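Close look at the chain arrangement
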Amino acid sequence: MASKLALAQDTLYDLNARAAGLAGKKRRAAELPTVTMVGLGYIGLPTAAVIARAGCTVLGLDVKQDVIDTINEGRIHIEEADLDILVRQMVACGRLSAATQPRESDIFVIAVPTPVRAGNAPDISYILQAAERVAPILAKGNLVILESTSPIGTTARIGEVLAKIRPDLKIAGQHAADCDIHLAYCPERVLPGQIIAELVSNDRSIGGMTSACATKARQFYEIFVEGECVETDAATAEMVKLVENASRDVSIAFANELSLIADHVGTDIWEVIALANRHPRVNILQPGPGVGGHCIAVDPWFLVHSAPEQTPLIATARKVNDGKPHYVIARAEALIAAQPQAKIACLGLSFKANIDDFRESPALYIAQQLAKKFGDRIKIVEPYCESLPPQFAGTGAQLVDLEQAFATCDIVIILVDHAAFKIAAPDQYAGKILLDTRGIYTKKR
Ligand code: SAJ
């Protein structure tokens with residue numbers, strides 16, 4: 001059976017590869033650049049695999065030996081649709097491999113984390129460390145590309161690091177004349193769960209430290225990107241990425257603030273938004289229990305950090321969204337206090353629907369706080385979990401399936417709009433005390 005599955009997966013891959021075969025953009029392998037991908041996480045690994053599928057030989061660099069070993073065995077250490085098939089194929093055909101030490105390469109792509117630290121200050125130390133790791137092996141004609149979401153000016157900082165380590169090379173942006181090392185900023189804009197397809201289909205900002213850098217980077221991305229690769233300068237491209245996510249965070253904050261108003265005045269927020277969005281030029285997003293993930297909740301702080309005096313709206317939106325989980329907890333506690341014998345079902349832990357990513361998840365935070373307070377009265381339903389995350393250790397909360405939750409709980413708190421929760425028969429919710437933070441069971445969409 002397994003061999004049939006593998007055959008089916010291979011067929012899927014072949015169809016996938018042909019579909020994404022970049023007809024008309026095929027170039028002989030000899031012409032294609034060799035690529036080093038620094039960072040093999042949620043963005044680095046899928047990007048490395050897609051570049052390899054386009055014909056380039058790709059070396060993935062990471063600091064974790066277990067990640068290196070996993071990939072070199074043709075397996076993956078993260079969850080992403082179809083990525084396992086693609087990585088297995090690319091490793092098997094020799095176009096993708098992983099190592100801890102860099103080797104000479106035509107192009108170096110940096111895709112490492114950029115977390116925020118205390119006071120929401122961006123931390124670019126991983127980026128600068130990556131630049132320091134590749135600097136010693138840079139050679140004339142190389143192109144260095146930063147993909148990580150970064151504060152404005154970070155690409156220029158990489159140039160400074162490279163110039164300091166390699167005074168023998170003319171680094172773009174550090175020298176007026178033509179340069180030996182080109183430098184660009186080219187952020188991704190993919191959606192978890194659709195990364196492989198969106199890496200190919202989405203338009204891309206190509207920000208060069210010089211126009212020659214932008215052109216060189218565009219020619220590289222056009223090897224595997226079918227969307228439009230639009231040249232600009234590095235600072236503009238850095239700001240574009242941050243603006244994309246900050247705009248979404250502000251829009252979500254508006255929806256979340258509306259949900260507070262609706263609760264206060266006694267209207268149904270889902271009906272209000274559905275009717276308002278019938279206006280041809282209104283598109284209000286959906287309220288939720290807060291904003292999770294490692295992008296929308298983080299990237300706006302990079303803009304606030306770059307221009308603290310000019311960003312009252314963006315900073316306030318972050319506070320509105322970060323305040324929503326506490327509002328939901330207060331409302332849940334009030335419902336529970338009124339039902340001292342009730343058992344409580346929390347539906348969903350992931351940061352958004354239909355994925356198994358729990359990073360910065362408001363749903364997980366809310367369920368954990370309730371579990372700490374109400375112990376074994378809390379039943380958790382999470383289709384993407386086989387056991388409760390460590391945050392629930394010692395609380396007494398249990399992981400149950402949806403049927404068990406309906407059979408034993410009187411209060412149901414919907415925290416994630418997983419498809420599995422939507423297909424449940426509405427009458428299963430009948431008679432329950434419902435706190436629906438996602439509008440799954442409103443009748444008035
Ligand atoms: N959310 C709401 N209401 C909404 C939409 C989202 O509460 O109407 C919440 C979600 O539940 C989730 C959070 O916001 O907790 C973020 O979810 P998301 O789907 O908005 O974003 P991500 O983080 O999965 O992906 C975003 C995307 N950026 C934009 O849509 C502008 C993606 O294209 C980016 O590539 C990604 O951030 C990234 O990595 O930057």
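For the chain, the helix and strand inventory stands at 16 helices and 15 strands. Along the first, second and third principal axes, the C-alpha atoms of the chain reach 75 × 60 × 45 Å. Among the 445 residues that make up the chain, the fraction classed as buried is 51%. Intrachain contacts of the chain at a sequence separation of at least 6 include 70% that bridge at least 24 residues. Accessible area for the chain stands at about 20200 Å²; split by element, carbon and sulfur atoms hold 54% of it. The average position of the 44 basic charges and that of the 51 acidic charges among the side chains of the chain differ by 1 Å.

Next up on the list: the side chain of Asp-62. Structurally, the position occupied by Asp-62 is in the loop between β2 (57-61) and α3 (65-72). Buried charge without a partner: Asp-62 forms no salt bridge, and the closest opposite charge is Lys-64, 5.5 Å away. Excluding its chain neighbours within four sequence positions, the residues that come into contact with Asp-62 are Gly-39, Leu-40, Val-67, Ile-68, Ala-99, Thr-100 and Arg-133.

Residues in contact with the ligand amount to 20 residues; listed here are only the nearest, Val-190, Lys-241, Arg-248, Gln-286 and Phe-351. Measuring from an oxygen atom of the ligand, one finds a backbone N or O atom of Phe-351 at 2.6 Å. Taken by itself the ligand offers 760 Å² of open surface, and the protein chains cover 87% of this. Here the shell around the ligand is built from residues that sort into 9 nonpolar, 4 polar and 7 charged. Two domains share the shell around the ligand, each providing at least three of its residues, namely domain 1 (2-227) and domain 2 (268-444).

Attention shifts here to the environment of Leu-183. Locating Leu-183 in the fold gives a position in strand β8 (residues 182-185). When the C-alpha positions of Leu-183 and Met-37 are compared, they lie 15 Å apart, and in sequence the two are 146 residues distant. Among all residues touching Leu-183, those that are not within four sequence positions of it are Leu-143, Val-144, Thr-155, Ile-158, Gly-159, Ala-172, Gly-207, Gly-208, Met-209 and Cys-213.

The next point concerns the domain arrangement of the chain. Partitioning the chain into domains gives domain 1 (2-227) and domain 2 (268-444). Here the C-alpha centroids of domain 1 and domain 2 sit 34 Å apart. The interface of domain 1 with domain 2 comprises 14 residues on the first partner and 12 residues on the second. Of the roughly 1100 Å² buried between domain 1 and domain 2, counting both surfaces, carbon and sulfur atoms make up 70%. Area buried by domain 1 at its contact with domain 2 is led by Tyr-42, Asn-120 and Pro-192, which between them contribute 37% of it. At the boundary of domain 1 with domain 2, the tally comes to 0 salt bridges. Between the two partners, domain 1 and domain 2, sit 1 residue pair in polar contact (both at pLDDT 80 or more).

Turning our eyes to something else, we now look at the packing of helix α11 (residues 299-306) against helix α12 (residues 312-337). With their axes 9 Å apart at the nearest point, α11 and α12 run at an angle of 145° to one another. Relative to α12, the crossing made by α11 is left-handed. Between α11 and α12, the contacting residues are Pro-300, Trp-301, Leu-303 and Val-304 on the first element and Ile-314, Ala-315 and Arg-318 on the second.

What follows is about the confidence of the model for the chain. The predicted model of the chain averages 93 in pLDDT, with 92% of residues at 70 or higher. Confidence drops under a pLDDT of 50 for residues 19-24, and excluding neighbours within four residues, the segment shows 7 contacts in the predicted structure.

Moving on to the pattern of salt bridges. According to the stated counting rule, one finds 16 salt bridges in the structure shown. Salt-bridge contacts for Arg-218 lead to Glu-231; the nearest nitrogen and oxygen are separated by 2.5 Å. With Arg-218 in helix α8 (residues 211-221) and Glu-231 in strand β10 (residues 229-233), this residue pair connects regions lying 13 residues apart in the sequence. Residue class for Arg-218 comes out partly exposed when judged on its relative accessible area of 22%. Since its relative accessible area comes to 32%, Glu-231 is described here as partly exposed. Between Arg-318 and Asp-322 there is a salt bridge, with its nearest N and O atoms 2.9 Å apart.

Now for a nonpolar patch on the surface. Together, Ile-152, Met-239 and Val-243 make up an exposed nonpolar region whose accessible area comes to about 230 Å². Within the fold, Ile-152 resides in the loop between β7 (143-146) and α6 (154-165).

It is worth spelling out the nonpolar core at this point. Residues Val-58, Val-87, Leu-96, Ile-145, Phe-220 and Tyr-221 are the most contacted members of the largest nonpolar core, which totals 45 residues. Here this core gets 6 residues from one element, more than from any other, and that element is helix α2 (residues 44-53). Judged by nonpolar contacts, the second largest core, of 31 residues, contains Val-38, Ile-124, Leu-128 and Cys-213.

As a further point, take the sheet that holds β8. If you walk across this open sheet you meet the 8 strands as β3-β2-β1-β4-β7-β8-β9-β10, and the pairing is mixed. This sheet does not close on itself; its edge strands, each paired only once, are β3 (96-99) and β10. Along the sheet, successive strands turn relative to each other by an average axial angle of 25°, direction set aside. Across 4 bridges, β2 lies against β3 in parallel orientation. Looking at the pairing, Leu-59 lines up with Ser-97 of β3. Against the sheet, α3 touches β2 and β3, its axis set at about 160° to β3.

So, how was this worked out
- Residues numbered from 1 in each chain as written.
- Predicted model: local features only at pLDDT ≥ 70, side-chain atom pairs only at ≥ 80, totals over all residues.
- Heavy atoms only, no water.
- Helix = DSSP H or I, 4+ residues; strand = E, 2+ residues; numbered from the N terminus.
- Buried < 20%, exposed > 50% of the residue type's maximum accessible area, 1.4 Å probe, protein only.
- Contact = heavy atoms within 4.5 Å.
- Areas by Shrake-Rupley, 256 points an atom, 1.4 Å probe, with all protein chains shown as cover.
- Lys, Arg positive; Asp, Glu negative; His and termini not counted.
- Charge placed at Lys NZ, Arg CZ, Asp CG, Glu CD.
- Salt bridge = Lys/Arg side-chain N within 4 Å of Asp/Glu carboxyl O.
- Near = heavy atom within 4 Å.
- Polar contact = N/O pair within 3.5 Å; in protein donor to acceptor, adjacent residues only side chain to side chain.
- Nonpolar A, V, L, I, M, F, W, Y, C, P; charged D, E, K, R; others polar.
- Domains from an automatic or database assignment.
- Buried area = accessible area lost by both parts, 1.4 Å probe.
- Axes fitted to C-alpha atoms, helices over the stretch in contact; angles between N-to-C directions.
- Left-handed = near helix turned anticlockwise from the far one by under 90°.
- pLDDT = per-residue confidence, 0-100.
- Patch = residues over 30% accessible without salt bridge, like charges linked within 9 Å, V, L, I, M, F, W, Y side chains within 5 Å.
- Core = buried A, V, L, I, M, F, W, Y, C linked by side-chain atoms within 4.5 Å.
- Pairing = 2+ DSSP bridges.

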